[in-house]
Every structure is written in C-alpha cells, then in structure tokens.
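What the coordinates show
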Amino acid sequence: MRIAIVDLNNFSRYPTLSVGQIAAILRQAGHEVTVISPFAVGVGSYRRVTRPHALGYYESVLRHATAVSGVQAVRALRRKLAAARSPARARAQAATLAEVQGVLDRGTDLLLISAYSMYREVCGAIAAEAARRGVPVVVGGPMFGMPEIAAHWLDLPGMSGVFAGEAEGHLLDLVDSVMGGGHAVPGLATPDRPDLVPAAPFADFDALPFPDYADFPWDRYPNRIVPMMTGRGCGWGVCTFCSDVRTSAGRTFRSRSFAHVRDEMAWQSRRHRTGIFTFLDLKLNSDLAVWHGLIDEAQSVVPGCEWTASVHVQTNGETGLGSEALKAARRAGLSRITTGLESAAQGVLNAMGRGTTAEALSRFVRHASEAGISVRMTSILGYPGETAEDVRLTARFLADHRPYIDRVVVNRLAIVGDTPLGQAIRRSPERYPQIGALAPNLETGLIDHENATFRSPGHLPAVLQMLHEVYRINRKPLKGASLTFEGVM
Ligand code: SF4
C-alpha cells in the first residue's frame, strides 16, 4: 500500500515523534510511506519562549492586559491578531495543500493526518481534495479523545475516519479496515460507525521499531536534535489543570525498559549523525530506573551527548533530583531542565495538586544551577482563588532565584473540560465564583471562560511585578550547551 502521512503538528526544531513511529511501523509491515512535513515547504509552527527583545517587558504587559481585559472588543481583536499569526491559518497552509496534491498526483492509496484541533480548516481542504480522487483519509491526534471534537471532524466532507487513542497497536488493522475490510477497529470512528471509544493505552513499547525520522527536513533544523520518549503519561499525574495526562497518550504511566531506550539512542545517533536529544516525557524522573540509567550510561552510549528533559519536583518519595544526582546528570549531558513552578504560594500549589513546596523548588533550582544545568520553569496565572499576594510571592521567588533560573514561561489559566479542574468547575460552579461564562471551544479543545481573578483587587500590579521579574530572567543570555535547546524546551 502507498500511504502518505501528513504531519500538521510539525515543529520547527526537530522531527515529530508520533509520525516517525507510525512511519516505522508501516514500513516494517511492507507499506510504502511518504511523510509530508509542512515545515519542509516553509510552513512555520508555534514558537517556544526565547530571549525577549529590549522592549519585551512592555510587550508581555500588553499581551496580558489585552488577554484579561473586561472589554469584549479588545479580547476579540486580540484573538483576530493571534489567528492571523497562527501557522494553522489557511494561507500558511496552502503550501501544505499543494504538497498533498503532488503526492496524490504521484499515486497514493491512503492519507493519514496527524493534527491538533486548530488545523480543522486545512484538514477539511485536504479531505475534500482526497475525496475527489477516491483516496480515503483518516485523522488522529491527542484531542480526539474528546467525543465532541471527534464528531465535529468526522463531519468534514471526505473524512473517512477519526482515530482516538494510541495507534501503535491498531495501525495495521486500521489500514486494512479503511482500505476495504470495513470492520470495527478500537479507537476508530467512521461515518458508518460514528461512536468513538478511544483505544486503550498501549504498553508493549519494547516490541516497537524505533521511530523513523528519515523523511524529515534535517537541513532546515538549526541543530540535529532527536526527539525521544522513554515512557508515556506522568508518574505523578495528579495536577488538577493538567490536560497532558488526559490526552490519549498521557493516560496512566507506562515506561520503556532502559535497554530499549539506550539502544534507540545509539541507533538514532548513528543514523542521524548527532548526539543531541530532547526527551519529551512529561516527567522524565517518573521511572527512576530509566532516569538513573540515563545518568549512568548516556555518555558511554553516545559519547559527548547533550540532552534536555522535563522533571517534576515532588516532596514525597524519591525523585532522583538531589544535588549529587543532578551533578551526575550534568556529567551525563543534561544541559537544560524544565520543571513547573506554577506558583510560589503554597495554597495555590496545594489547590493545583502539585505535590510540592516552594522550598523544594528552591532547593532544586539551586542544585541544578550549581551543577551547571540551565533551568527553565513554567508558571500559571489566574488559578481560581489566587490572590494578588500569591502572585507577589511568585514574583519574589523569581527575584530571589534569578541567578539560578534561565527561562520562565508564563501561562494564563487554560481550562480543559476533562481535567479535574474542568470537571469540578462544571460540576460545582458555585465553588468557583471567579470562573464564569463557560463555553466549550471545538477549535481549541479548551473551555472559553471569564476569569474574575485577573480583575481582583491588586492583581494587575502584582502581575506586572511578576512579568518584570520574568523579563529580567528571560533576558539573560544563555551559555554553552544550553543554547542548543533555546526555544526547544
Ligand atoms: S507533574 Fe506535570 S505532567 Fe504530571 S500531572 Fe503535573 S503538570 Fe501534568
């Protein structure tokens, strides 16, 4: 079978792991695979935080003020400007459509599309084009576990199926079904069988072929970074706002064996002539056997390798993040580490279910920085119940730890329907008087809402203080190997 995979989730710094995995499984089964990467034909992707320009503080203030403005028209204008810059906009995606047409012209039996919900418009154009030529189209992605989004996409003319769940265990069966069998496949909704039950979490990772990144535009990436994942889900999994552990690949924690991870590192390094890795695990210190395996062996597997990862600093149990372990991790090539601060106010951390304290985070960032690891943190503004004093505490934490932190990402609270927070707000709205006007948004997968937290007394001045501290940190120039990962994580 000639199968084309369209990677609408493409990222401009490294290949897409899920697409590489699907390509490898299909090729192993004898199919002829083409990967269409929009980045290869000039379509951009969403950017991660990098060093702001000299006026970056004022830009962040403007962004915040317009995002939380009580004036509807201001927020509408902001959304319009964001849509105009979005890589999902139709004009930016015209090049992708032309590429798909070329592949269809050359002869393709099946199109598989990997997409987030904001790419529905271009996906519709692709499905219509494929339908004109009688080529079936199946779309999959992390958001399709939400039945209302899956149904919205299945409505697109020409769409043969929407897949939800992890595809690895059902991919070959799915191809057989769509190409003629017509039988039911776990996780697959079709116009004839529209009810969608996401496929169960996959576990047999060590039986999979390694992801195949041969089709990606390596010459366009600033560095030759190989994405890796040692496990799916998160060993903590409790944070109330976290949608990552609700998506199809995030449900429950499952890990690969370290031997399989080690063999892949060696294989990808040889194949792509590189020693740079980004570990995409939600929490790389979930499985301590893998975490310590990397620390102990990464340099013997790929001498000189550099890598980046996300970890969670929980206060109960062993985290593998003590001072000596972090020094050893640096020697093993760990250059940049990301962790969630979210807030420095204990009440907010507790409400979020973070399982950590500001003191533990303080120790962690000091130890990581002293070990020579560049630290990146994420933060959330506007959690229900957050006060101006809570935001000032976070600003103070950032000021006190400026020497130890290199980048901070500020997010305003986003509510996803099936997270514990989203469910609680819908179940007991009276407990969340700050949150109102809930409206599910099928394009983003989020619940649009009004958040009065941002307009509570003293909140805005506290946010400005925090944004200033964030700016002062983010203006720091990076040094050494951590520069490799600027804008990557
Ligand atoms: S530690 Fe991170 S990935 Fe895990 S549940 Fe919390 S926010 Fe989600």
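Residue numbering note: each chain is counted from 1, following its sequence as written. Only residues with pLDDT of at least 70 get local features here, since the model is predicted, and only at 80 or more are side-chain atom pairs given and counted; chain-wide, interface and lining totals rely on the full set of residues. Derived side-chain values reflect all non-hydrogen atoms in the structure, with water molecules and hydrogen atoms excluded from consideration.

Residue position: alanine 462 is located in helix 15 (residues 459–474). For the exposure calls, accessible area comes from a 1.4 Å probe over protein chains only, and a residue counts as buried if that area is under 20% of its type's maximum, exposed if over 50%, partly exposed in between. Overall, the relative accessible area of 1% leaves alanine 462 in the buried class. Put simply, alanine 462 and glutamate 99 are 363 residues apart on the chain and 48 Å apart in space, counted from C-alpha to C-alpha. For the purposes of this entry, the term helix denotes a DSSP run of H or I that reaches at least four residues, the term strand denotes a run of E that reaches at least two, and both are numbered from the N terminus.

Once that is clear, we can look at the packing of aromatic side chains. Any pair of Phe, Tyr and Trp rings, taking the six-membered ring for Trp, is counted once the centres come within 6.5 Å. Such a pair is stacked with planes under 30 degrees apart, edge-to-face with planes over 60 apart, and tilted for the rest. By the definition in use, this model includes 11 aromatic pairs. Each ring, one from phenylalanine 202 and one from phenylalanine 205, has its centre 5.5 Å from the other, and the planes form 65 degrees; the classification is edge-to-face. Both residues of the pair, phenylalanine 202 and phenylalanine 205, count as buried. With a centroid separation of 6.1 Å and 70 degrees between ring planes, the pair formed by tyrosine 213 and phenylalanine 216 is classed as edge-to-face. According to the relative accessible area criterion, phenylalanine 216 is buried, its value standing at 5%. Among the aromatic side chains, those forming a connected cluster through ring pairs are Phe39, Trp218 and Tyr221.

With that out of the way, let us pick up the site of the ligand. By nearness alone, every residue bordering the ligand is listed as Cys234, Trp236, Gly237, Val238, Cys239, Cys242, Leu282, His312 and Arg354. The residue inventory of the shell around the ligand, partitioned by class, reads 6 nonpolar, 2 polar and 1 charged. Residues are classed as near a molecule or strand on a simple rule: at least one heavy atom within 4 Å of it. Under the grouping applied here, Gly and all other residues not named as nonpolar or charged are polar, the nonpolar ones being Ala, Val, Leu, Ile, Met, Phe, Trp, Tyr, Cys and Pro and the charged ones Asp, Glu, Lys and Arg.

This next bit is on the domain arrangement of the protein. Quoted interface sizes are often the accessible area lost when the parts come together. Here the protein is described as being made up of domain 1 (2–45 + 88–189), domain 2 (58–85) and domain 3 (224–485). In this structure, domain 1 and domain 2 have C-alpha centres spaced 32 Å apart. Domain limits in this description derive from either an automatic procedure or a database domain assignment.

What follows concerns the nonpolar core. By size, the foremost hydrophobic cluster in this structure holds 88 residues, and its most contacted members are Phe279 and Trp307. Considering every element that reaches this core, the biggest residue donor is helix 15, with 7 residues. Here this core gathers at least three residues from each of two domains, domain 1 (2–45 + 88–189) and domain 3 (224–485). To form a nonpolar core, buried Ala, Val, Leu, Ile, Met, Phe, Trp, Tyr and Cys residues must be joined to one another through side-chain atoms within 4.5 Å. With 34 residues, the next largest nonpolar core counts Ile36, Ala127, Val139 and Leu154 among its residues.

Going residue by residue along strand 4 (residues 137–140), you find Val137 and Val139 tucked away on one face and Val138 and Gly140 tucked away on the opposite face as well. The pairing of strand 3 (residues 110–114) with strand 4 spans 4 bridges and is classified as parallel. What sits directly across from serine 114, in strand 4, is glycine 140. For the handedness criterion, the β-α-β arrangement of strand 3, helix 5 (residues 120–132) and strand 4 is classed as right-handed. Sheet analysis places strand 4 next to strand 5 (residues 161–163), joined by 3 bridges and oriented parallel. For valine 138, the partnering residue across the bridge sits in strand 5 and is glycine 161. If DSSP finds at least two bridges between two strands, the strands pair. Consider the strands pointing away from the viewer: the crossover is right-handed when the path from the first strand over the helix to the second runs clockwise.

On to the sheet that holds strand 4, then. In spatial order, the strands read 2-1-3-4-5-6; together these 6 strands make up an open sheet with mixed pairing. Either end of the sheet is taken by a strand with one partner, and the two such strands are strand 2 (32–36) and strand 6 (188–189). In what follows, residue pairs with any heavy atoms lying within 4.5 Å of each other are defined as contacts. Angles shown run from 0 to 180 degrees and are taken between the N-to-C directions of axes, each axis being a line fitted to C-alpha atoms and, for helices, limited to the stretch in contact. Contacts from helix 6 (residues 147–154) reach strand 4, strand 5 and strand 6, with the element oriented near 155 degrees to strand 5.

With that out of the way, let us pick up the environment of serine 456. Along the chain, the position of serine 456 falls in the loop between strand 16 (447–451) and helix 15. Here the alpha-carbon distance between serine 456 and proline 157, two residues 299 residues apart in the chain, equals 46 Å. Side-chain polar atoms of serine 456 contact the backbone oxygen of threonine 453, separated by 2.7 Å. Within 3.5 Å is the distance limit for a polar contact, defined as a pair of N or O atoms, with the added protein rule that one can donate a hydrogen and the other accept it, and that residues adjacent in sequence qualify only through two side-chain atoms.

This part is about the sheet that holds strand 12 (residues 334–342). Taken in spatial order, the 6 strands make up an open sheet running 7-10-11-12-13-14, and their pairing is parallel. Two strands in the sheet have a free side with no partner beyond their single neighbour: strand 7 (225–228) and strand 14 (407–412). Here the average twist between neighbouring strands, direction ignored, is 15 degrees. With 6 bridges joining them, strand 12 and strand 13 (residues 374–381) adopt parallel strand pairing. When the bridges of strand 13 are listed, threonine 338 appears paired with arginine 376. Each of strand 12 and strand 13 touches helix 12 (residues 358–370); the most contacted strand, strand 12, lies at about 165 degrees to it.

Here arginine 273, not a glycine, exhibits a phi torsion of approximately 50 degrees, which is positive. Within the secondary structure, arginine 273 sits in the loop between helix 8 (258–272) and strand 10 (276–279). Even without being a glycine, alanine 437 presents a positive backbone phi close to 50 degrees. With a relative accessible area of 57%, alanine 437 lands in the exposed category.

Turning our eyes to something else, we now look at the pattern of salt bridges. Each reported salt bridge corresponds to a side-chain nitrogen of Lys or Arg within 4 Å of a carboxyl oxygen of Asp or Glu. Evaluated as defined, the whole model comprises 24 salt bridges. For arginine 392, the salt bridge is made with glutamate 389, and the minimal N-O distance between the two is 3.1 Å. Of this pair, arginine 392 and glutamate 389 are both found in helix 13 (residues 388–400), 3 residues apart, which corresponds to roughly one turn of the helix. For arginine 392, a relative accessible area of 29% corresponds to the partly exposed category. Classification of glutamate 389 as partly exposed rests on a relative accessible area of 34%. In this structure, arginine 407 and glutamate 486 form a salt bridge, with 2.9 Å as the shortest nitrogen-oxygen distance. With arginine 407 in strand 14 and glutamate 486 in the segment after helix 15, the pair connects residues that are 79 residues apart, well separated along the chain. As far as burial versus exposure is concerned, arginine 407 and glutamate 486 are alike and both buried. Put simply, Arg27, Asp212, Asp215 and Arg271 are held in one network by salt bridges that share partners.

Glancing now at the side chain of serine 343. Here serine 343 shows up in the loop between strand 12 and helix 11 (346–352). The class for serine 343 is buried, based on a relative accessible area of 1%. In this structure the side chain of serine 343 is engaged in a polar contact, spanning 3.0 Å, whose partner is the backbone nitrogen of alanine 345. Residue contacts for serine 343: discarding those within four places in its chain leaves Val348, Leu349 and Thr394.

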